[in-house]
Amino acid sequence: MASVIYRIVSKQPSGYCINSSLLRSSSSLKCWQRCVTTFRTEISDPSEHSFEHEGQFYTIPKKDVQKIFMLNWMSPHEKNMNKMFQEFSILIRRPALEVMDILKRLNYNYPLTRFLLYGEMNAGKKFTMTHIMHYCRSQNWVLLTVPWANEWNCKRLDVSFNHHKESLFDLPVHSKILLEDFLLKNMSLIKEFTTSTTYEFSEHEASEQGIPLTDLISFGITRMKFANDVVGALLKELQILANNDKIKLLVTIRGINSFWRKTGQKKEKVQEIHAQQLTLVNQFMELLQSDTKNAVAMCSTESWVNDVTDRKSYLPSELMGKEGIDFLEPFLPIEVPK
């Protein structure tokens, strides 16, 4: 808002009645402009942000907004605000700076490092994750993003039995959306890679070893029936690439406590489906427990996921339970205060 007021005032100070008595004085106007500009930094590259910039807003370049955040990460309200103001600015906060500082000093030869962001409702966890995602992309990391894990539990689009394991349930539409988002974010980074093995999806459908990784992803998008299996194949290929020092991988999961909840998904003759009966959840849980190097997982707990009676505290131990904490350990907890 401050930047908007600054632009309005600087264009035609006499034409607006924002404290007109102040605007009559050129010295007061300069003071006002100087005060407004302290709320922003012109540095749009997150790799150059330091603790000196804490509390300032920075604007994410439009090309990054379109490629990284616009499709699935931003809410409809955030998209409308971006359209209205023609910019996407976020606050530089200490939790994001702390995580980025760790990432700069991390030894990536060790297995996957897990961060867990937690805090009260509306504390700013999502935009802290946004800042970190933007930093990783500025360093040419591959981004694998689950914008809202609880959507797999609650948004009923299509459910089918897994072709290979009947105790699991596929979410073809959700899988297709995830593949589309991944391809948009990472096309320029993965276009040279090929698959390391053959993947069989059915008796008549398979992808050969050595085909472009983008072709495998496109197959999952166009043949939605096999989208969930393609997600599993993609995760394996990403782990192989990371272990071979070909990529650095950031896995972002917002609302990971939904992995330990019952779902609202329905399938004939099945009374209740738990989140861990979903193929997508199983695939990501396997990735989180892998010993993949050159990889970081950034997860958050969200009170919105839990029932009202289960929101006594925003602490991860309350939202995830002992089972969830035991699964994720060891991890680095990062509190995001209001």
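Each remark here, short or long, concerns the structure printed above.
*Asks:* Can you walk me through the packing of aromatic side chains in this structure?
*Replies:* Tallying each qualifying case throughout the model produces twelve aromatic pairs. When the ring of W152 is compared with that of F259, the centres are 6.4 Å apart and the planes differ by 10°; the resulting orientation is stacked. Of the two residues, W152 sits in helix α8 (residues 150-154) while F259 sits in the loop between β9 (249-254) and α12 (279-288), which places them 107 residues apart along the sequence. Taken individually, W152 and F259 each receive the classification buried, so the pair is uniform in this respect. Summarising the aromatic geometry, the rings of F161 and F169 are spaced 5.2 Å apart at their centres and angled 40° between planes, so their arrangement reads as tilted. A residue is classified by how much of its surface remains accessible, and F169, at 3% relative accessible area, is buried.

*Asks:* Help me understand the nonpolar core in this model?
*Replies:* One recurring pattern in soluble globular proteins is that nonpolar side chains are buried together. With 56 residues, the main nonpolar core has L144, W152, I253, I256, F259 and F284 as its most contacted residues. Contributions of two or more residues to this core are made by β4 (142-146), α9 (172-190), α10 (213-222), α11 (227-243), β9, α12, β10 (295-300) and α13 (316-328). In terms of residue count, α11 provides more of this core than any other element does, nine residues in total. Dropping the residues within four chain positions of it, I253 is found in contact with M129, V146, A149, F259, F284, L288, M298, C299 and S300. Ranked by size, the runner-up nonpolar core spans 32 residues in total, among them I60, M100, F115 and L117.

*Asks:* What should I look at first to understand the packing of α10 against α11 in this one?
*Replies:* Each pair of packed helices can be summarised by the angle the axes make with each other and by the distance between the axes. Contact geometry of α10 with α11 gives a least axis separation of 8 Å together with a crossing angle of 160°. If you check the angle between α10 and α11, you find them roughly antiparallel. The two elements α10 and α11 cross, and the hand of that crossing is left-handed. In this structure, α10 contributes L213, L216, I217, F219 and G220 to the contact, and α11 contributes A227, V230, A233, L234, E237 and L241. For the contact of α10 with α11, the residue count by class is nine nonpolar, one polar and one charged.

About the criteria used
Residues numbered from 1 in each chain as written. Predicted model: local features only at pLDDT ≥ 70, side-chain atom pairs only at ≥ 80, totals over all residues. Heavy atoms only, no water. Phe/Tyr/Trp six-rings, centres within 6.5 Å; stacked < 30°, edge-to-face > 60°. Helix = DSSP H or I, 4+ residues; strand = E, 2+ residues; numbered from the N terminus. Buried < 20%, exposed > 50% of the residue type's maximum accessible area, 1.4 Å probe, protein only. Core = buried A, V, L, I, M, F, W, Y, C linked by side-chain atoms within 4.5 Å. Contact = heavy atoms within 4.5 Å. Axes fitted to C-alpha atoms, helices over the stretch in contact; angles between N-to-C directions. Parallel < 35°, antiparallel > 145°, perpendicular 65-115°, else oblique. Left-handed = near helix turned anticlockwise from the far one by under 90°. Nonpolar A, V, L, I, M, F, W, Y, C, P; charged D, E, K, R; others polar.

Just distances and angles here, no functional claims.
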